Amino acid sequence: MSIKSFASKQFSTHLLDERRRDKARARAERERRRKGEPHRIEFFNQVDDPYSHLLAQALVELQARYEVEVVTWLVEPPEDWAAPARALLESYSLVDARRLAEKAGFHATSAEPPDAELVLSVQRQLTATLEAPEEPGSTATLEAAVTLGKVLWSGEPVAAGDDRGTDAALEVALRAGTERRADLGHYLGGTCFYGGEWTWGIDRLAYLEERLADLGAEIPPAADAGQRAGAPTLIYAQPRLLEEPVPADALEAADLPDLHFFASFRSPYTWISTERVIRLAEAFGVNLRIRFVLPMVMRGLPVKRSKRVYILLDAAREARRNGVQFGPISDPVGKPVECGYSLLPWAIEQGRGIEYFRSFMTLVFSQAVDAGSDRGLRRIVEEAGLDWGEGRGYLDDPAWREEAERNREELFDLGLWGVPSFRVGSVATWGQDRLWVLEDEYRRLALRRE
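Bear in mind that the values here come from a model prediction, so they are computed numbers and not experimental data.

Colleague: What exactly am I supposed to notice about the sheet that holds strand β7 (residues 421-424) here?
Modeller: Whether parallel or antiparallel, the strands of a sheet pair through hydrogen bonds between backbone atoms. Here 4 strands make up an open sheet; going across it, the order is β6-β5-β7-β8 and the pairing mixed. Among the strands making up the open sheet, the edge pair consists of β6 (288-292) and β8 (427-430). With direction set aside, neighbouring strand axes in the sheet form an average angle of 20 degrees. Docked against the sheet, helix α13 (residues 353-366) engages β5 (259-263) and β6, running at close to 50 degrees with respect to β6.

Right under this line is the structure:
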């Protein structure tokens, strides 16, 4: 094992240790009790971000269920390093947030970005709310964010409200919120910080809710609230894949499109989606096409430490939720990715592309195998049922680079930029937590073609 691979394994093992996480949580709770503070959640609201609007609505419900105090910060959009394809991000988020709002039952955002003058008006009004004196535990600021957010995202021409906040005060509020977010170690809007841990959007809210429940922070239901008796229903739980049986009769009559899997050998989220993607393709009897692309950092795009750390911690909890072993890891950036990609087209030609993809991701992300070494790569190849003696002859073949670039170009043409991303017919989506979009589309197509 190389020094780089060993260091990567040691770092990931320490960072992802659940005992370390549990000790940090216990320390945070002891410190909260010592100071006599409430369960305080810090909400970083980017007004023109649709995910922030969805999260604000969910946090109002969270305050109704738990003894929590939500502190709202106004923040600026992420810096360029955190949003390397900003135009694509802003366009896609409008589509994605609308899908998510419909799935979760929240007020949806409009299909178009909000008017800039109205955004400024809402920011000023929220600034004035932030400056107003509040009683401890007041929900005024958060509720104002929801109310004004519904106006902002209505998609209708709405006159600006009474701008009580000044531009100078707004500038101070945005700077304070943005700096606070950076100090705590994050870079996106639509995020929450509680007791040393981050949650993004409503997609990860269940982790915060479960933690509060474990701490006994739930507000006892009223005597007439029979619907909340027993175990509470989460405000939003990510849909589980293939919970409903696939209609076999419909599949027999359907000619369903391929499942395109835009993936990276360096992406933790690609790894934790791999088995579910394979199961989804098998369940609907469709061809799974692996569309590999170079990792962002190998395309010259910076990824700062705060982002790397958050991604690893977030991927780890998503892996646990989905029953995927995550770690120890040998970061395959650089030579390991290049070696792995050089053999992937050959593996696909041999009819073992999925097996090879699964073998590479499994061994790198759960057993810290160094894919940049002959020993590690041989193990990956042979566990995929392929011949290492034949495969090693393709290690110096540069043809994969052209294919990776074609895949990247198609990904961008779809309005996407990161991995894992997926396409089913004309429907494209990004993220391992959006596989339900693909399942919904396959079910729609199968039933339509009965």
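Moving on from the coordinates now.
Colleague: It is not clear to me how the packing of helix α10 (residues 268-284) against helix α17 (residues 435-448) should be interpreted in this structure. Could you clarify?
Modeller: Helix packing for two helices is described by the angle between their axes and how far apart those axes are. Packing of α10 against α17 brings their axes to within 11 Å, and their N-to-C directions diverge by 5 degrees. With respect to α17, the element α10 is oriented roughly parallel. Here Ser 273, Arg 276, Val 277, Leu 280 and Phe 284 of α10 come into contact with α17, specifically with Leu 435, Leu 438, Glu 439, Tyr 442 and Arg 443. Classifying every residue of the contact of α10 with α17 gives 6 nonpolar, 1 polar and 3 charged.

Colleague: Sorry if this is basic, but what is going on with the packing of aromatic side chains here?
Modeller: We describe a pair of aromatic rings using the distance from one ring centre to the other and the angle between the two ring planes. Summed over the entire model, instances satisfying the criterion amount to 19 aromatic pairs. On the basis of an interplanar angle of 10 degrees and a centroid distance of 6.4 Å, the ring pair of Phe 44 and Trp 73 is categorised as stacked. Within this pair, whereas Phe 44 is found in strand β1 (residues 39-45), its partner Trp 73 is found in strand β2 (residues 68-74), the two being separated by 29 residues in sequence. You can call Trp 73 partly exposed: its relative accessible area is 23%. Considering the side-chain rings of Phe 265 and Phe 360, the 3.9 Å spacing of their centres and the 10 degrees angle between planes classify their relative orientation as stacked. You can see Phe 265 sitting in the loop between β5 and α10 and its partner Phe 360 sitting in helix α13, a full 95 residues away along the chain. Aromatic rings pair up to connect Phe 261, Phe 265, Phe 292, Tyr 341, Tyr 356, Phe 357, Phe 360, Trp 400 and Phe 422 into one cluster. The ring centre of Phe 412 lies 4.8 Å from the NZ or CZ of Arg 408, which sits over that ring.

Colleague: I'm lost on the pairing of β1 in this one. Help?
Modeller: Both faces of the sheet carry side chains from a regular strand, because those side chains alternate between them. With 6 of its 7 residues buried, β1 lies for the most part within the structure. Across 7 bridges, the pairing between β1 and β2 is parallel. Bridge pairing in β2 links Phe 44 to Trp 73. Traced from β1 through helix α3 (residues 50-65) to β2, the parallel crossover comes out right-handed. Looking at chain direction, β1 and strand β3 (residues 191-194) are connected through 3 bridges and run antiparallel. By the bridge assignment for β3, Phe 44 is matched with Thr 191.

How each quantity is defined
Residues numbered from 1 in each chain as written. Predicted model: local features only at pLDDT ≥ 70, side-chain atom pairs only at ≥ 80, totals over all residues. Heavy atoms only, no water. Pairing = 2+ DSSP bridges. Helix = DSSP H or I, 4+ residues; strand = E, 2+ residues; numbered from the N terminus. Axes fitted to C-alpha atoms, helices over the stretch in contact; angles between N-to-C directions. Contact = heavy atoms within 4.5 Å. Parallel < 35°, antiparallel > 145°, perpendicular 65-115°, else oblique. Nonpolar A, V, L, I, M, F, W, Y, C, P; charged D, E, K, R; others polar. Phe/Tyr/Trp six-rings, centres within 6.5 Å; stacked < 30°, edge-to-face > 60°. Buried < 20%, exposed > 50% of the residue type's maximum accessible area, 1.4 Å probe, protein only. Lys NZ or Arg CZ within 6 Å of the ring centre and 35° of its normal. Right-handed = clockwise from strand over helix to strand, strands pointing away.

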